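Each chain, letter by letter, is given below.
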Amino acid sequence: LNNRSARPLSELALLVGGEVVGDGSRLISGVNGLAEASPNEVSFYANSRYRKGLEVTRAGAVLVESEASVGRRDGMNWVRVKNARLAFAKIAKLFSPKPALGPGIRPGATIDPRAGVDPEAVVMSGATVQRGAKVGARTYLFPGVFLGEEAVVGADCVVYPNVTIRERCLVGSRVIIHSSCVIGSDGFGFAFDPEVPEHCKVPQMGIVRVEDDVEIGACTCVDRATTGETVIGRGTKIDNLVQVAHNVKIGPMTLICGQAGISGSAEIGSGVLLAGQVGVVGHIRIGDLARVGAQAGVAHDVEDGATVSGSPAIEHRQWLKNSAAFPQLATLLREVRQLRKEVERLKRQQR
Amino acid sequence: LNNRSARPLSELALLVGGEVVGDGSRLISGVNGLAEASPNEVSFYANSRYRKGLEVTRAGAVLVESEASVGRRDGMNWVRVKNARLAFAKIAKLFSPKPALGPGIRPGATIDPRAGVDPEAVVMSGATVQRGAKVGARTYLFPGVFLGEEAVVGADCVVYPNVTIRERCLVGSRVIIHSSCVIGSDGFGFAFDPEVPEHCKVPQMGIVRVEDDVEIGACTCVDRATTGETVIGRGTKIDNLVQVAHNVKIGPMTLICGQAGISGSAEIGSGVLLAGQVGVVGHIRIGDLARVGAQAGVAHDVEDGATVSGSPAIEHRQWLKNSAAFPQLATLLREVRQLRKEVERLKRQQR
Amino acid sequence: LNNRSARPLSELALLVGGEVVGDGSRLISGVNGLAEASPNEVSFYANSRYRKGLEVTRAGAVLVESEASVGRRDGMNWVRVKNARLAFAKIAKLFSPKPALGPGIRPGATIDPRAGVDPEAVVMSGATVQRGAKVGARTYLFPGVFLGEEAVVGADCVVYPNVTIRERCLVGSRVIIHSSCVIGSDGFGFAFDPEVPEHCKVPQMGIVRVEDDVEIGACTCVDRATTGETVIGRGTKIDNLVQVAHNVKIGPMTLICGQAGISGSAEIGSGVLLAGQVGVVGHIRIGDLARVGAQAGVAHDVEDGATVSGSPAIEHRQWLKNSAAFPQLATLLREVRQLRKEVERLKRQQR
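Residues numbered from 1 in each chain as written. Chains lettered and ligands numbered in written order. Predicted model: local features only at pLDDT ≥ 70, side-chain atom pairs only at ≥ 80, totals over all residues. Heavy atoms only, no water.

1. Some remarks on the relation of the copies chain B and chain C
Next up, step 1: With an RMSD of 0.1 Å, the operation that places chain B on chain C is a rotation of 120° combined with a shift of 0.0 Å along the axis. When the rotation and shift are considered jointly, the pair of chain copies conforms to a three-fold rotation axis. (Least-squares fit on C-alpha atoms with pLDDT ≥ 70 in both.)

2. Quick word on the packing of helix α6 (residues 329–350) of chain A against helix α5 (residues 316–325) of chain B
Next up, step 1: Closest axis-to-axis distance for the α6 of chain A/α5 of chain B pair is 7 Å, and the angle between their directions is 50°. When the interaxial angle is binned, α6 of chain A and α5 of chain B end up oblique. Contact residues: L329, A330 and L333 of chain A in α6 of chain A; K321, N322 and A325 of chain B in α5 of chain B.
Next up, step 2: Partitioned by chemical class, the residues of the contact of α6 of chain A with α5 of chain B number four nonpolar, one polar and one charged. (Axes fitted to C-alpha atoms, helices over the stretch in contact; angles between N-to-C directions. Helix = DSSP H or I, 4+ residues; strand = E, 2+ residues; numbered from the N terminus. Parallel < 35°, antiparallel > 145°, perpendicular 65-115°, else oblique. Contact = heavy atoms within 4.5 Å. Nonpolar A, V, L, I, M, F, W, Y, C, P; charged D, E, K, R; others polar.)

3. Looking at the sheet that holds strand β10 (residues 116–117) of chain B
Residue and element names in this part refer to chain B.
Next up, step 1: What the nine strands build is an open sheet, ordered β10-β13-β16-β19-β24-β27-β30-β33-β36; its pairing is parallel. For this open sheet the edge positions go to β10 and β36 (285–286), each flanked by a neighbour on one side alone.
Next up, step 2: Two strands pair when backbone bridges link them, and strand β33 (residues 267–268) and β36 are joined in this way by two bridges, in the parallel orientation. Note on β36: the bridge partner recorded for I268 is I286. (Pairing = 2+ DSSP bridges.)

4. What to know about the packing of aromatic side chains
Next up, step 1: For the structure on display, the rule yields 14 aromatic pairs over all chains.
Next up, step 2: An aromatic cluster is defined as three or more aromatic residues linked by ring pairs; in this entry it consists of F146 of chain A together with Y140, F142 and Y160 of chain C.
Next up, step 3: Cation over ring: R7 of chain A sits above F95 of chain A, and NZ or CZ is 5.9 Å from the ring centre.
Next up, step 4: R166 of chain C extends its terminal NZ or CZ atom over the ring of Y160 of chain B, reaching a point 3.9 Å from the ring centre. (Phe/Tyr/Trp six-rings, centres within 6.5 Å; stacked < 30°, edge-to-face > 60°. Lys NZ or Arg CZ within 6 Å of the ring centre and 35° of its normal.)

5. As for the interface of chain B and chain A
Next up, step 1: The interface is formed by 69 residues belonging to chain B together with 60 residues belonging to chain A.
Next up, step 2: With both sides pooled, the region where chain B packs onto chain A buries about 5100 Å², and carbon together with sulfur makes up 62% of that total.
Next up, step 3: Our count for the contact surface shared by chain B and chain A stands at five salt bridges.
Next up, step 4: Joining chain B to chain A, the criterion identifies 31 residue pairs in polar contact (both at pLDDT 80 or more).
Next up, step 5: For the side of chain B that touches chain A, the secondary structure elements donating two or more residues are β21 (182–185), β22 (190–193), β23 (198–201), β26 (221–223), α5 and α6 (329–350) of chain B.
Next up, step 6: With eleven residues, the top contributor of residues to the side of chain B that touches chain A is α6 of chain B.
Next up, step 7: When grouped by side-chain class, the residues that make up the side of chain B that touches chain A number 31 nonpolar, 29 polar and nine charged. (Buried area = accessible area lost by both parts, 1.4 Å probe. Salt bridge = Lys/Arg side-chain N within 4 Å of Asp/Glu carboxyl O. Polar contact = N/O pair within 3.5 Å; in protein donor to acceptor, adjacent residues only side chain to side chain.)

Structural data, given as structure tokens:
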């Protein structure tokens, strides 16, 4: 029995709390996008941009949030759900193929005899596990992964090729780390010594702690703490090319988009959204459930639930209004100069 | 006969459609910058910043666009061409040394027996080619390269150290991929499930397709599509540390400079230029031949041939004018307050 | 005698030119943060944010800049110093553990017989040293490090996992290079050939020269010069995810923060500070001791000692004032329209 075994549509609808409109006995063996789905696959429709895809899809069934909004199509099967994208993700998970690789350490992996690799873990050729490091059950270490001394990776993790996890860092369970990501590089800490002169390195003695269910993108860098811990909270998801500096604390369930950067000792709450290319200065706090717009530069604390944009960041609606006015600034300048002249004339005439 | 065999200047001039002024029989065996060139090397002059270098160069000949503009120097040989930098590139290509490595799979490479590596390919130690993957003729895989299951790299490619190309991704021919680049990492897709609560991962089942003659920079990340393909069009060149999100389509012949980021499902036309640190939001289209200025944040469609700048991006000349006015904004604010007072006084006096 | 041998506090105070207030005979065997330090460790206090940590610390002694400002605590030992963070760094260095690994080339490393690896160097499994490359004494090459043909790394360096140093690049002594960093990737140089059409690659024939005592962050990319050298000056420190383009020259003792990007042929002076996410266009000069604020976009030369911010960057205080005025721009626009109406009315009445 593999994960591509077909299941009746009605069973899948039950799984996601949905209601079948059409043929509940239709056998489904996978998921796909509207454009790509075949008659034995389920797709979803959640965004009117994909209206056209919906009209021509060959999918065996489509997850929709409201049947009314999509119209009818003869012979099409629908599943009405509250959140079509979420339902799609859940069904996809059900069908997603498990890697076929059997457990064990492959030839060409370098495992220190004092390391602890669970017998159910998979360690591929070219991976390195140093002295005292631990790898949990069913965790995959791809080629080129480096696990430094006494570093720990929990169970059911996937660590993709060429990831570095430096000494003593702690990674929880069900964590996914994408290629070329670096966990535990030294924080950027120097003290200027005018007598040499030199930028004297402040040793970075702390660690990174990545909690359970985190996902970290490709080429993202998470620096170890100077002392203590840099923390990525439970269930937080980080995109590619993100910089997380030393001693940053990120709460649970936060989303950080590509190329954002968080400076040293900043604190990001739970359920926060940092959009792409955001910059956060050091030592400030971004409150729970706050949202920061793309390319914003956050220089001060952000309150719980607030939405900010711009560089320097201000309240989002304020930013929208003022950004919309910006293209009139040069004209405004000329107009004010003109007004000045006219007011001077009026003043002269009145005297 | 290696690539450093000397050729008469007249032969090189013919190759680039240029005209020799001076000694066409001068033997040339390579190219170099004005500052570094020796008497048996050709250099080029295309930018008045390098005037000084031109005056003191020891080059055996210099490619120039207009002899008049560079003055004469006794004993110096010139080649008049339409585009000096392009002519330089063509001649450099002629002389560029081919790597001396013979074909074959080196010891220490890990090749699955069900992979297909062309006998003319070079696979170095520490490279991994998984089950069903294919490597074309004369392609170089450097150490630490990972080629996932059923991934394909065409002929005459160079894949530098520590590059990851994930399962099923397709790379064309004559493609260059620089170190630590990641092709086919999972797109950043999650659906919030308030019942757990968690950010439920939306499986990323699609692939990346990189067409022929593409070059991709170091530490650049190209995410695989959720379903379908993320596409990098033929002849497009991407710089270092660029983020290309899932389902992005980039047309042919486009240039994307360092640290730019393109969000999910955005479409970039052909012959586009994105300057450094540009951000593009998801689901929009940047038209053919459009140009986007450095650090711009593009939030809406850009028309074919348009030039935009700023964050949020507006028409480039508009942005220039308004940016130039920005340093007077604080003064403007004071002036308007003063005008308000004076107008109020005038109104009172007139009553 | 290892580095954790305890030393009396008075000896450490002498080392950093400080004065003990309290028990100079207290034995100290390490350093740590205020929150983490135990009674046999020294900590430091240099920032009032950490006042609370100071009040509850269990540290055996605390380095302070002025005893008066921290108050007294019974039984607490202080060391008065001029720069507490610098003193901490110096003492930390004294106690920092040397890696326990003995010298030599480990099994699983790939060393060309024509390479020159110092017998005191440490080359770990999965590292590659190609023909003609040289590795200095006491230098560590971690797994996945690639050292290309004729590349040179000096003595006492640490090159972390999965770093690429391409052919002929030169790295000095006491240099630290973090994981996934790429030194010597091809510069982003193309000349458009309308006849094919194609972006014809301009061969990147130069190198990168990294001088002594440099530190380069994780996933940072330093491109090789087109011809000649890209240079990182002595003692300069570069953070993670920074882009340094071809032919850039960075002077000594400069600090470049995370995700900054420097375009081709730009020149950065000595003792400069580029904050996070800064962009610098090509061919300009940033003068010695200049400071550039976070997310700034520098499009023109910056004078020695100047401080600039904003995109496009202007003098810092100018930027502060005008940024503070920005949130009133929309209101200003409305006010000026209103003033216009009132001035028109006044003019009509006066006629």
